[in-house]
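Secondary and tertiary structure notes
Residue strings, one per chain:
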Amino acid sequence: MNRLRSSSGSRVNAIWVLTLVLTLGSVLLASHHNSSGRLTTSTAEAMAVLALAAVKVLCIIWNFMEVRDAPRWLRHWTIGWVGGLWLTIVVVYLY
Amino acid sequence: MLQDVAPSPATARAGRLLGDLNVWIFVLGDLVFFGAYFVIFMVYRHQETAVFLASQRHLSLIAGALNTMVLLTSSRFVALAVQAARRGESERARRLISYGGLFGVAFVAIKAFEWAHEIGHGFTLVRNDFFMFYFMLTGVHLFHVLLGLVILVVANRELRSPERCRSWIVESGAAYWHMVDLLWVVIFALLYLVR
């Protein structure tokens, strides 16, 4: 019981720390100033910010929402939602 | 105790839901609704890039980042609460859910402060399309946070008597709260970070 408690709690804590680090990383990416002192991001930085957000969303779905243990239809549906949404956002951003 | 920690081999193969199927249908419907809203936001952003970029500079990156970390921390406590409840540790689960709720209240407070700051500087719903999306998206999300807080209170009360605890209420509440968290992660990226 203690081993199970320790391993499942450690996983949640590890995911939590990872998402916090990714949040700080994405803020740093979005904190560049251009020559006129305004915040800006290059296309590559914007793509990196979106990628970090996608990883955080997948971490929440897979681990906090326990979709990793869910029926196959739910795993496919949620991954499809993330993939479809991010693909659409990136296409519209780059268009 | 909510349920055994180790599922049977048959359950493991078929997979198991965190909470009730009806709540998941609601969660998936919400994801579709917000997903459509995010895409519409990006289309408007594409059409009015200069207005959106100029308006975005008036948002507080610090407040947005702080709220992201606050909700992620809240989700951590709620995830740990579900695990504690499954082991039959009702008191610990209740304490963890309460911590999760307190961080949810902190999110509301930071958001209220941020809105007051924006409105105080004349950036209201009717200022332009960017602020229309800003207040609508964050407003609908805030409603979800408030509803989530009520659900966490219900889950907390459910854990008061472990012997007649309905597991689906605690787990469904957690699934809903994590959805609120992940939606904010997308809102933060699109409204505050991507330029």
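The sections below set out a description of the structure shown in this document. In this text, all values refer to a predicted model and were calculated from it rather than measured experimentally. (Residues numbered from 1 in each chain as written. Chains lettered and ligands numbered in written order. Predicted model: local features only at pLDDT ≥ 70, side-chain atom pairs only at ≥ 80, totals over all residues. Heavy atoms only, no water.)

What follows deals with the packing of aromatic side chains. Counted under the stated rule, the structure contains 22 aromatic pairs over all chains. Here phenylalanine 123 of chain B and phenylalanine 131 of chain B contribute two aromatic rings whose centre-to-centre distance is 5.0 Å and whose plane-to-plane angle is 15 degrees, an arrangement assigned as stacked. Taken together, a centroid distance of 4.9 Å and an interplanar angle of 75 degrees make the contact between tyrosine 134 of chain B and phenylalanine 135 of chain B edge-to-face. Assigned by exposure class, tyrosine 134 of chain B and phenylalanine 135 of chain B land together as buried. Lying across the ring of tryptophan 16 of chain A, arginine 76 of chain B places its NZ or CZ 4.6 Å from the centre. Against the face of phenylalanine 77 of chain B rests arginine 76 of chain B, its NZ or CZ located 5.0 Å from the ring centre. (Phe/Tyr/Trp six-rings, centres within 6.5 Å; stacked < 30°, edge-to-face > 60°. Buried < 20%, exposed > 50% of the residue type's maximum accessible area, 1.4 Å probe, protein only. Lys NZ or Arg CZ within 6 Å of the ring centre and 35° of its normal.)

Tallying the contact residues gives 49 residues for chain B and 48 residues for chain A. Both faces combined, the contact of chain B with chain A buries some 4300 Å², and carbon together with sulfur accounts for 76% of it. Area buried by chain B at its contact with chain A is led by Arg57, Arg76 and Arg195 of chain B, which between them contribute 14% of it. Counting the contacts that link chain B with chain A gives 2 salt bridges. (Contact = heavy atoms within 4.5 Å. Buried area = accessible area lost by both parts, 1.4 Å probe. Salt bridge = Lys/Arg side-chain N within 4 Å of Asp/Glu carboxyl O.)

This paragraph deals with the pattern of salt bridges. A side chain of one charge can pair with a side chain of the opposite charge when the charged atoms of the two come close. Under the definition given, this model contains 9 salt bridges over all chains. Between glutamate 66 of chain A and arginine 86 of chain B there is a salt bridge, with its nearest N and O atoms 2.7 Å apart. Separated into two different chains, glutamate 66 of chain A in the loop between helix H2 (43-64) and helix H3 (72-94) and arginine 86 of chain B in helix H4 (residues 61-86) make up a pair that spans both. The shortest N-O distance in the salt bridge between glutamate 114 of chain B and lysine 111 of chain B comes to 2.9 Å. Pair noted here: glutamate 114 of chain B and lysine 111 of chain B are both in helix H5 (residues 90-120), with a separation of 3 residues, about one helical turn. Taken individually, glutamate 114 of chain B and lysine 111 of chain B each receive the classification buried, so the pair is uniform in this respect. In the salt-bridge network here, residues are joined through shared partners; they are Glu66 of chain A together with Arg16, Arg86 and Glu171 of chain B. (Helix = DSSP H or I, 4+ residues; strand = E, 2+ residues; numbered from the N terminus.)

As a further point, take the side chain of histidine 141 of chain B. Examined against the element boundaries, histidine 141 of chain B turns out to sit in helix H6 (residues 129-158). Among residues more than four places away in sequence, those in contact with histidine 141 of chain B are Phe34, Leu71, Phe107, Val180, Leu183, Trp184 and Ile187 of chain B.

Turning our attention to the packing of helix H3 (residues 49-56) of chain B against H6 of chain B. The relative placement of two packed helices is expressed as an angle between their axes plus a distance between the axes. All names here are of chain B. For the pair H3 and H6, the least separation of the axes is 8 Å and the interaxial angle reads 55 degrees. One element, H3, and the other, H6, form an angle in the oblique class. For the pair H3 and H6, contact is made by Phe52, Ser55 and Gln56 and by Asp129, Phe130, Phe131 and Phe133, respectively. Here the residues of the contact of H3 with H6 are counted per class, giving 4 nonpolar, 2 polar and 1 charged. (Axes fitted to C-alpha atoms, helices over the stretch in contact; angles between N-to-C directions. Parallel < 35°, antiparallel > 145°, perpendicular 65-115°, else oblique. Nonpolar A, V, L, I, M, F, W, Y, C, P; charged D, E, K, R; others polar.)

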